[in-house]
Amino acid sequence: MADRRPPRNRIRGPQSALTDFLASNNISAAQIQEDYERRVREAERQQPPETPPNAQDEGSESTTSESPEQRKKRKRKEAVALARIKQSKEFARRKSRRIGEPDDDDDLIAREMMDEKARPMPGQLENCELCGKRFTVTPYSKTGPNGGLLCAKCSKEQANDEKKGKAKKRGPRTGRRQNQSNLLDGIAQQGALSLAELCTKKVADNINDIEEFGDLPASLLHGLSQILSKRRVLTPRTLNLFLRPDLESIDIYDSAKLETDDFQKIFAFMPGLHHVNLRFAGQMKDRVLEYMLDRDLKIRHLQLDAANLISDAYWRKLFEKLGPQLESLKLSNMDSSFDDETVSTLCKSCPNLRRLKLKECWRMGTGSLEAISTLSSLEHLSLAFVQVTDVAKLLEMVARVGPRLRTLSLEGFPIADDRLLTAIHANCHSLTKLRFTGNVVCKDQGYADLFTDWRNPPLEVVDLSSTRDVNNANPDGPPEAIGLASRGFVALMGHSGDRIEKLNISSCRHVSRTALEEVFSEGKYYPQLKELDVSFHTVMDDFLVGCIFRCCPELKKLIAFACFNVREARIPKGVALIGGLKAQDTIVVEGS
């Protein structure tokens, strides 16, 4: 009978995807098991035997077999180990938890930590003390609060907690950037802010969490608007916080993020507005003015900036409707509208206008000067032209409106000559503020004649910046100085030094050092001067700055950009020095 042999190909059941993957990559489960057992055996050979539970009972027998030298050596090592444990953070944590308890002895705690189970060797598997997860021990595994080991995740969390604990607590302090911002604003405050200022700043810091301002007074609302506009966070949502029907004024210094509907909403929610000030109103369009015209608004003071999308036709309609009640009008940065014909309509429709400010309106020309000269009630005039105008029409305007003016500001008239200074001297006798900048024709003698024997009371605000000869090939200027120079500056301070509060002579580079030393010499006294700008005066140095501080006891702000010889000036308390080579350093405080 033939031998029956079992077939070579046995029937096998289905295999898992993992088995197929291991077989295809020549990975043997048996080999993995053998490698693991080998690592365990090696770790056991390297690991010292653990002390049995009855080691203390047998301690007397083991110590009796030790020689005196071995006993001393063992105790010495034990003392060193205990000392190291007492210096560890874990020891400090355990001791802090046991303060006031019977077992809070240092030696007892240290011996408990030394007697805890031995640390597993790298390569062995261990359970995490905190989360219980099984992980492979490495040389970098950290010890947990109770002496066990931690996995990588728990080790990282513990390290983060330790870093947080190390952070030093610091009181509130103002950064360098904020200090420099305050200096540019002329603020050199010493000590803490007032309670109102702190509350206003805290509200501004948390503006997105504020639902309403409640019954805040108008002055605090104005301060909040300034802070939010400076931070550029005035949005349609934050605008709603300022819309209160009981208010008569609104000041928004940065309307760049507002849409057309937001401007219309202002006049819908605040029908009793008398004062409107909207800057950077780029999205204010014709339909906003149309909505204003349909309502019976009582606006008397209107200031708009960069409202370039309003057409001339609607400007004229606005003046025809609101003109009789307007007392103050300030418009600036208009490049696509507001021409001479619109200015003419303005002057015909606003007979009660007392304050007019038109700056950087590109389409205004000589015809606008003729129209402005017809305003009979004007007391404050501020003009900044872009187009070159006829000097004769400018002189005529000063002659007609000058006798009633209390403030006069003329910018953008570079070719006006000494006749303009003569006209101001002859017709303007009630001015408290005079600004005449950017001129390159008027001579120093003309300025000296203006302030000599002038019947006008002493000025409080003077700005004659950038009145100088512009010729890079001849930086010292012609023999007869052009612009405000030494004689004009001495005459100015002789006329208005007792009452002047703000003075700007920036870029009047022909004022000599001799003239500055004469004006700010010992014995001279300017009790009202609070702000002075002497930027781009190359002769200004530490000595002259010290003379200024001595002669101006009420000075709060001194601007000295590009004054490269101002290096180590000693600055009195409460004075903001802006510019100079060390403007980035903290201000030096002198005096009490």
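As shown above, the structure is provided for reference.
Here goes a summary of the coordinates provided. (Residues numbered from 1 in each chain as written. Predicted model: local features only at pLDDT ≥ 70, side-chain atom pairs only at ≥ 80, totals over all residues. Heavy atoms only, no water.)

## Quick word on the overall build of the protein chain
Tallying secondary structure elements over the protein chain gives 22 helices and 15 strands in all. Relative to its 592 residues, the protein chain shows a buried fraction of 38%. Across the protein chain, contacts joining residues at least 24 apart in sequence account for 68% of those joining residues at least 6 apart. Carbon and sulfur atoms form 50% of the exposed surface of the protein chain, whose accessible area is close to 34,000 Å². (Helix = DSSP H or I, 4+ residues; strand = E, 2+ residues; numbered from the N terminus. Buried < 20%, exposed > 50% of the residue type's maximum accessible area, 1.4 Å probe, protein only. Contact = heavy atoms within 4.5 Å. Areas by Shrake-Rupley, 256 points an atom, 1.4 Å probe, with all protein chains shown as cover.)

## A closer look at the packing of aromatic side chains
Taken as a whole and assessed by the stated rule, the structure comprises eight aromatic pairs. Here Trp-315 and Phe-338 contribute two aromatic rings whose centre-to-centre distance is 5.6 Å and whose plane-to-plane angle is 90 degrees, an arrangement assigned as edge-to-face. Of this pair, Trp-315 sits in helix 14 (residues 312-322) while Phe-338 sits in the loop between strand 6 (328-334) and helix 15 (340-349); the two residues are 23 residues apart in sequence, bridging distant segments of the chain. Residues Trp-315 and Phe-338 agree in their burial class; the two are buried. (Phe/Tyr/Trp six-rings, centres within 6.5 Å; stacked < 30°, edge-to-face > 60°.)

## Considering helix 13 (residues 286-294)
All buried positions along helix 13 are accounted for by Val-288, Leu-289, Met-292 and Leu-293. The buried residues of helix 13 occupy an angular sector of 140 degrees when the element is viewed end-on, so they sit on one face. Its buried side turned inward, helix 13 meets helix 12 (260-269) and helix 14. (Arc of directions from axis to C-beta.)

## Structural notes on a positive patch on the surface
Among the surface-exposed residues, Lys-72, Lys-73, Arg-76 and Lys-77 lie close enough to one another that they form a single positively charged patch. With respect to the secondary-structure elements, Lys-73 resides in helix 4 (residues 68-86). The class for Lys-73 is partly exposed, based on a relative accessible area of 47%. (Patch = residues over 30% accessible without salt bridge, like charges linked within 9 Å, V, L, I, M, F, W, Y side chains within 5 Å. Salt bridge = Lys/Arg side-chain N within 4 Å of Asp/Glu carboxyl O. Lys, Arg positive; Asp, Glu negative; His and termini not counted. Charge placed at Lys NZ, Arg CZ, Asp CG, Glu CD.)

## Notes on the nonpolar core
Generally speaking, nonpolar side chains in soluble globular proteins are found buried as a group. Residues Met-284, Trp-315, Phe-338, Ile-372 and Phe-520 are the most contacted members of the largest nonpolar core, which totals 125 residues. Here Met-284 is in contact with Phe-263, Phe-267, Leu-278, Leu-289, Met-292, Leu-304, Leu-309 and Ile-310, once residues within four sequence places are set aside. Counting seven residues, the second largest nonpolar core, distinct from the first, contains Phe-135, Leu-149, Leu-150 and Cys-154. (Core = buried A, V, L, I, M, F, W, Y, C linked by side-chain atoms within 4.5 Å.)

## Details of the environment of Asp-417
Here Asp-417 shows up in the loop between strand 9 (407-411) and helix 18 (418-427). A residue is classified by how much of its surface remains accessible, and Asp-417, at 22% relative accessible area, is partly exposed. Residues Asp-417 and Lys-443, spaced 26 residues apart in sequence, show a C-alpha to C-alpha distance of 7.9 Å. In contact with Asp-417, other than residues within four places in its own chain, are Val-391, Val-441 and Cys-442.

## Some remarks on the environment of Phe-564
Assignment of secondary structure puts Phe-564 in the loop between strand 14 (557-560) and strand 15 (576-579). Using a relative accessible area of 51% as the deciding quantity, one classes Phe-564 as exposed. With 27 residues separating them in the primary sequence, Phe-564 and His-537 have C-alpha atoms 8.9 Å apart.

## Some thoughts on the packing of helix 12 against helix 13
It is at 9 Å that the axes of helix 12 and helix 13 come closest, and there the two elements cross at 15 degrees. As judged from the angle between their axes, helix 12 and helix 13 are roughly parallel. Read as a crossing pair, helix 12 and helix 13 show a hand that is right-handed. Contacts from Thr-260, Asp-261, Phe-263, Gln-264, Phe-267 and Ala-268 in helix 12 reach Arg-287, Val-288, Tyr-291 and Met-292 in helix 13. Partitioning the contact of helix 12 with helix 13 into residue classes produces six nonpolar, two polar and two charged. (Axes fitted to C-alpha atoms, helices over the stretch in contact; angles between N-to-C directions. Parallel < 35°, antiparallel > 145°, perpendicular 65-115°, else oblique. Left-handed = near helix turned anticlockwise from the far one by under 90°. Nonpolar A, V, L, I, M, F, W, Y, C, P; charged D, E, K, R; others polar.)

## Section: the packing of helix 13 against helix 14
Interaxial distance between helix 13 and helix 14 falls to 10 Å at its minimum, and their mutual angle equals 20 degrees. If you check the angle between helix 13 and helix 14, you find them roughly parallel. Relative to helix 14, the crossing made by helix 13 is left-handed. Contacts between helix 13 and helix 14 involve Asp-286, Leu-289, Glu-290, Met-292 and Leu-293 on the former and, on the latter, Tyr-314, Trp-315, Lys-317, Leu-318, Lys-321 and Leu-322. Taken together, the residues of the contact of helix 13 with helix 14 break down into seven nonpolar, no polar and four charged.

## Some points on the side chain of His-380
Its location among the elements puts His-380 in strand 8 (residues 380-384). Polar side-chain contacts of His-380 include one of 2.9 Å to the side chain of Thr-407. When residues no more than four places from it in sequence are discounted, the contact partners of His-380 are Arg-354, Arg-355, Leu-356, Leu-405, Arg-406 and Thr-407. (Polar contact = N/O pair within 3.5 Å; in protein donor to acceptor, adjacent residues only side chain to side chain.)

## Notes on the pattern of salt bridges
Scanning the entire structure with this criterion turns up 25 salt bridges. With a closest N to O distance of 3.2 Å, Asp-246 and Arg-244 form a salt bridge. For Asp-246, a relative accessible area of 53% corresponds to the exposed category. Overall, Arg-244 belongs to the buried group, its relative accessible area being 12%. One salt-bridge network, in which partners are shared between bridges, spans Arg-300, Glu-327, Arg-354, Glu-379 and Arg-406.

## Regarding the side chain of Asp-251
For Asp-251, the position within the fold is in strand 3 (residues 249-252). It turns out Asp-251 is buried and unbridged, and the closest side chain with the opposite charge, Arg-279, is 6.4 Å from it. Engagement of the side chain of Asp-251 in a polar contact is seen with the side chain of Asn-277, the distance being 3.1 Å. Apart from residues no more than four positions distant in its own chain, Asp-251 is found in contact with His-222, Ser-225, His-275 and Asn-277.

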